[in-house]
Amino acid sequence: MIIPIKPWLDRANGTGHAGLRGSRSAVWNGLALSSNVEMDEFSPPCWGATPDSLLFPNFTHRMEFYHDPILAPEILAAMEPVAGKQILDGTVGGGGHAEWLLRHGAHVIGCDQDQDALNHAERRLAAYEDAFLPVRGNFRDMDSILAGLGIGQVDGILLDLGVSSRQLDNPARGFSFREDGPLDMRMDDRAALTAKELVNEWEEEELIRIFREYGEERRAARVAREIVKARALQPIETTFALSEVVARAIPKTSAKNPATKVFQAIRIAVNAELEALETALEKAVALLAPKGVLAIITFHSLEDRIVKRFMHRRSNPFIDRPEWSAPRPNPDFCFHLPSRRAIEPGEKETRDNPRSRSAKLRVAIKV
Ligand SMILES: C[S@@+](CC[C@H](N)C(=O)[O-])C[C@H]1O[C@@H](n2cnc3c(N)ncnc32)[C@H](O)[C@@H]1O
């Protein structure tokens with residue numbers, strides 16, 4: 001495998017990248033860098049014939065659709081991705097947002113922990129060969145990912161959290177209760193913990209905790225008890241089997257599937273999503289150049305709360321306490337917020353793309 005040597009990395013601001021120049025190894029500094037050579041393996045004729053498409057024929061019809069980028073014009077307005085800017089898209093997914101950024105002239109490092117996502121992004125963005133660099137990794141490691149590329153600071157960091165439509169709609173990934181599939185839910189298939197292990201092996205108390213904390217599920221204890229009872233008879237191995245168990249604990253009272261919050265909680269736990277977000281936010285401060293833009297799209301209140309607190313705490317130059325005679329400088333001050341409120345999709349976007357309904361975009365600019 002050949003690591004693409006992007007001419008623009010020569011202009012990278014920061015620590016320099018002598019190690020990258022001329023390097024030709026498959027794994028560099030522990031990072032699996034994608035290559036254009038690899039793309040030949042994913043040329044259109046074989047694209048539709050993956051094992052997933054054979055096992056789940058319904059999914060094959062949807063394979064070419066990946067994911068509608070959410071709040072894309074708002075992201076453009078916030079990040080101003082003009083030529084010369086270098087942006088880390090930490091959740092490149094199918095490359096929707098990345099394409100908008102590239103089209104306007106920026107260079108994009110596209111990171112995702114899901115190889116299928118990277119393959120898709122690389123194929124979609126082939127025309128931007130010199131300006132797009134796909135990297136497989138977790139955005140919580142964004143410091144070592146950028147250091148591995150010899151980049152000290154970037155002009156923007158974008159995180160569009162959660163799973164993509166493609167991951168959600170593929171029954172083989174086990175994210176959704178809408179179709180039957182193995183209980184998996186890993187965004188990174190190299191990770192050790194699957195949803196099946198969690199559901200069948202975690203202590204009842206731990207299940208209650210994640211259903212409460214990550215699912216905000218009122219009937220967490222009842223669901224956990226029902227799971228423990230069911231798994232004592234036989235392992236819970238599929239998404240339908242889990243939905244049935246949850247339905248025994250939560251009667252259906254609305255159009256919403258009673259398993260919605262439980263599935264959300266398990267997915268968050270399997271992928272350690274909140275820990276990754278908190279770690280990434282802390283690291284982003286040092287990785288943004290002055291005037292660099294941090295843009296985060298969240299999809300549920302737990303994520304949004306973390307991002308909101310993080311940005312607000314760092315956006316006041318002074319802090320005041322009743323016991324102090326005068327305000328004191330805030331040691332964490334580093335951001336200007338164009339707005340203290342989150343940006344939400346308009347009526348048209350939520351109508352055209354119902355998955356955008358719960359999206360919230362928060363933007364912070366490094367001072
Ligand atoms: C909502 S999708 C992003 C869609 C993308 N913005 C687009 O326009 O196509 C989220 C993507 O982020 C990836 N992801 C989620 N958490 C991640 C993490 N901690 N590190 C790296 N990738 C992550 C998922 O695998 C998924 O592909």
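Residues numbered from 1 in each chain as written. Predicted model: local features only at pLDDT ≥ 70, side-chain atom pairs only at ≥ 80, totals over all residues.

**Q** How should the overall build of the protein be read in this particular structure?
**A** Check the secondary structure of the protein and you find 17 helices and eleven strands. A total of 367 residues make up the protein; the buried ones form 41% of that total. Sequence-distant contacts in the protein: of pairs separated by 6 or more residues, those separated by 24 or more amount to 67%. (Helix = DSSP H or I, 4+ residues; strand = E, 2+ residues; numbered from the N terminus. Buried ≥ 20, exposed ≤ 12 C-beta atoms within 10 Å, placed from the backbone. Contact = placed C-beta atoms within 7 Å.)

**Q** Please explain the site of the ligand as it appears in this structure.
**A** In the vicinity of the ligand there are 24 residues, among which Pro69, Thr91, Gly93, Gly96 and Asp160 approach most closely. Among the elements of the structure, helix H6 (96-103) and strand S4 (107-112) are those that each provide at least two residues to the shell around the ligand. A class-by-class count of the residues in the shell around the ligand yields eight nonpolar, twelve polar and four charged. (Near = placed C-beta within 6 Å. Nonpolar A, V, L, I, M, F, W, Y, C, P; charged D, E, K, R; others polar.)

**Q** Teacher, can you tell me more about the environment of Arg362 here?
**A** Among the structural elements, Arg362 can be located in strand S11 (residues 360-366). In the structure, Arg362 is positioned 58 residues away from Asp304 in sequence and 8.4 Å away in space, judged by C-alpha atoms. Excluding anything up to four places from it in sequence, Arg362 contacts Ile296, Val307, Lys308, Met311 and Ala342.

**Q** How should I be thinking about the nonpolar core in this particular structure?
**A** A general trend in soluble globular proteins is that nonpolar side chains are found buried together. Ranked by size, the top nonpolar core spans 54 residues in total, and within it Val108, Ile157 and Ala295 carry the most contacts. At six residues, the largest contribution of residues to this core is made by strand S7 (residues 288-298). Filtering out sequence-adjacent residues up to four positions away, Ala295 remains in contact with Ile75, Ala78, Met79, Gly156, Leu158, Leu361 and Val363. By size, the runner-up hydrophobic cluster in this structure holds 29 residues, among which are Val163, Ala224, Leu242 and Val246. (Core = buried A, V, L, I, M, F, W, Y, C linked by C-beta atoms within 7 Å.)

**Q** Would you take a moment to explain the packing of helix H15 (residues 273-287) against helix H16 (residues 301-313) for this structure?
**A** The contact between H15 and H16 brings their axes to 11 Å, and the two run at 15°. By the angle between their directions, the pair H15 and H16 is classed as roughly parallel. Crossing of H15 against H16: the hand is right-handed. Along the contact surface, H15 presents Leu274, Leu277, Glu278 and Leu281, while H16 presents Leu302, Glu303, Ile306, Val307 and Phe310. Split into classes, the residues belonging to the contact of H15 with H16 amount to seven nonpolar, no polar and two charged. (Axes fitted to C-alpha atoms, helices over the stretch in contact; angles between N-to-C directions. Parallel < 35°, antiparallel > 145°, perpendicular 65-115°, else oblique. Left-handed = near helix turned anticlockwise from the far one by under 90°.)

**Q** Even after reading the chapter, I still don't get the environment of Glu203, so can you show me in this structure?
**A** By secondary structure assignment, the location of Glu203 is in the loop between helix H10 (195-201) and helix H11 (204-213). As for Glu203 and Ala224, which are separated by 21 residues in sequence, their C-alpha atoms are 9.1 Å apart.

**Q** Whenever I open this one, the packing of helix H5 (residues 72-79) against H6 confuses me. Can you help?
**A** In a pair of packed helices, the angle between the axes and the distance between the axes together describe the arrangement. Here H5 crosses H6 at 45°, and the two axes come no closer than 10 Å. On the basis of their axis angle, the class for H5 and H6 is oblique. As H5 packs across H6, the resulting crossing turns out to be right-handed. Every residue of H6 that contacts H5 at Ala72, Ile75, Leu76 and Met79 is listed here: His97, Trp100 and Leu101.

**Q** Help me understand helix H14 (residues 260-270), please; the structure alone is not making it clear to me.
**A** The periodicity of an α-helix, 3.6 residues per turn, causes residues three or four positions apart to be oriented the same way. Summarising burial for H14: ten of the eleven residues are buried, a large majority. Within the span of H14, buried status applies to Lys261, Val262, Phe263, Gln264, Ala265, Ile266, Arg267, Ile268, Ala269 and Val270. Tucked into the core, H14 has its buried residues touching H10, H11, helix H12 (220-233), helix H13 (239-249) and H15. Among the residues trailing H14, Ala272 stands out with phi positive, at a value near 45°.

**Q** Before we go on, may I ask you to explain the pairing of strand S5 (residues 132-136) in this structure?
**A** Looking along a regular strand, one sees the side chains alternate between the two faces of the sheet. With respect to burial, S5 is a largely interior element, five of its five residues being buried. Going residue by residue along S5, you find Phe132, Pro134 and Arg136 tucked away on one face and Leu133 and Val135 tucked away on the opposite face as well. Note: S4 against S5, five bridges, orientation parallel. By the bridge assignment, Ile109 is partnered in S5 with Leu133. Read from S4 through helix H7 (residues 115-124) to S5, the crossover connection turns out right-handed. (Pairing = 2+ DSSP bridges. Right-handed = clockwise from strand over helix to strand, strands pointing away.)

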